[in-house]
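Summary of structural features
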Amino acid sequence: MMYLASTEPQSPLLPVWPEVVIGLICFGIIYFVFAKKLLPAINKALDERHAAIEGGIEKAEAAQIEAQSVLEQYKAQLAEARHEAARLRQEATEQGTAIIQEMKAEGQRQREEIIAAGHAQIEADRKAAASSLRQDVGKLATDLAGKLVGESLEDSARQSRTIDRFLDELEDGAVKAEASR
């Protein structure tokens, strides 16, 4: 206070010592509060942030590595599925070809059976027709011969011999006609 009472003009370059001391004490109190209370909280927040950033980067790298391994597994499974599909297509083609061959063979066998049955039926029908025709022709020939001769040819043994002789002569004539062509 004395300093304020003095009347001498003071140089602006010289500090006022009581103000300097009060300023240093206030600075020390503020520094102490900052150092003990505020700086640990700030450092803690910065450390947590740094750990979170580092952890996030590590997690991202781990996720990227895992994604890469999953991608490789997916590609391997896809390649395996394509290979399996190609194998199944090949097997289906081979089975289809085998089935077609079996069906062709079965169709050929059935065709041969049908043709053989048809030939047997035709032969049986031809024999039946020849027998029926022989009987009809024999009956007509016997009737005609009976009318021409004037006597009855009702005796079956005689009738059978006459018919057989007549048909044999007809067949011999047909064979000679075939041979001359």
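This one's a predicted model, so the numbers in the text were calculated from it and none came from an experiment.

Further remarks concern the overall build of the chain. Secondary structure assignment for the chain yields 3 helices and 0 strands. Classification of the 181 residues of the chain by burial places 4% in the buried group.

With that settled, the discussion passes to the UniProt feature "coiled-coil region" (unreviewed entry) in the chain. UniProt tags residues 57-95 as "coiled-coil region" (unreviewed entry). With 100% helix and 0% strand, the stretch residues 57-95 has end C-alpha atoms that lie 56 Å from each other.

This part is about a nonpolar patch on the surface. Where nonpolar side chains cluster on the molecular surface, the patch consists of I30, F34, L38, L39, I42 and L46 and spans about 520 Å² of accessible area. Summarising the element assignment, F34 is placed in helix 2 (residues 17-149). For F34, a relative accessible area of 40% translates into the label partly exposed.

For the rest of this paragraph, the subject is the UniProt feature "transmembrane region" (unreviewed entry) in the chain. In the numbering used here, UniProt assigns the "transmembrane region" (unreviewed entry) feature to residues 20-39. Helix makes up 100% of residues 20-39 and strand 0%, and the two end C-alpha atoms of the span are 26 Å apart.

Under the criterion given, the structure shown has 6 salt bridges. Taking the shortest distance from any N to any O, the salt bridge between R109 and E106 comes out at 2.2 Å. With R109 and E106 both in helix 2 and 3 residues apart, the pair spans about one turn of that helix. Accessibility expressed as a relative area gives 29% for E106, which makes it partly exposed. Two residues, R126 and E123, come together in a salt bridge whose shortest N-O distance is 2.6 Å. Placement of the pair is R126 and E123 together in helix 2, with a separation of 3 residues, close to one helical turn.

Time to look at a negative patch on the surface. Among the surface-exposed residues, D164, D168, E169 and D172 lie close enough to one another that they form a single negatively charged patch. Looking at the secondary structure, you find D172 in helix 3 (residues 156-180). Residue D172 is classed as partly exposed on the basis of its relative accessible area, which comes to 48%.

For the chain, the mean per-residue pLDDT works out to 83, and 88% of the residues sit at or above 70. Mean pLDDT across the secondary structure elements of the chain bottoms out at helix 1 (residues 2-5), with 51, and peaks at helix 2, with 89.

Parameters at a glance
Residues numbered from 1 in each chain as written. Predicted model: local features only at pLDDT ≥ 70, side-chain atom pairs only at ≥ 80, totals over all residues. Heavy atoms only, no water. Helix = DSSP H or I, 4+ residues; strand = E, 2+ residues; numbered from the N terminus. Buried < 20%, exposed > 50% of the residue type's maximum accessible area, 1.4 Å probe, protein only. UniProt positions renumbered as here; feature names shortened; annotations may be inferred. Patch = residues over 30% accessible without salt bridge, like charges linked within 9 Å, V, L, I, M, F, W, Y side chains within 5 Å. Areas by Shrake-Rupley, 256 points an atom, 1.4 Å probe, with all protein chains shown as cover. Salt bridge = Lys/Arg side-chain N within 4 Å of Asp/Glu carboxyl O. Lys, Arg positive; Asp, Glu negative; His and termini not counted. Charge placed at Lys NZ, Arg CZ, Asp CG, Glu CD. pLDDT = per-residue confidence, 0-100.

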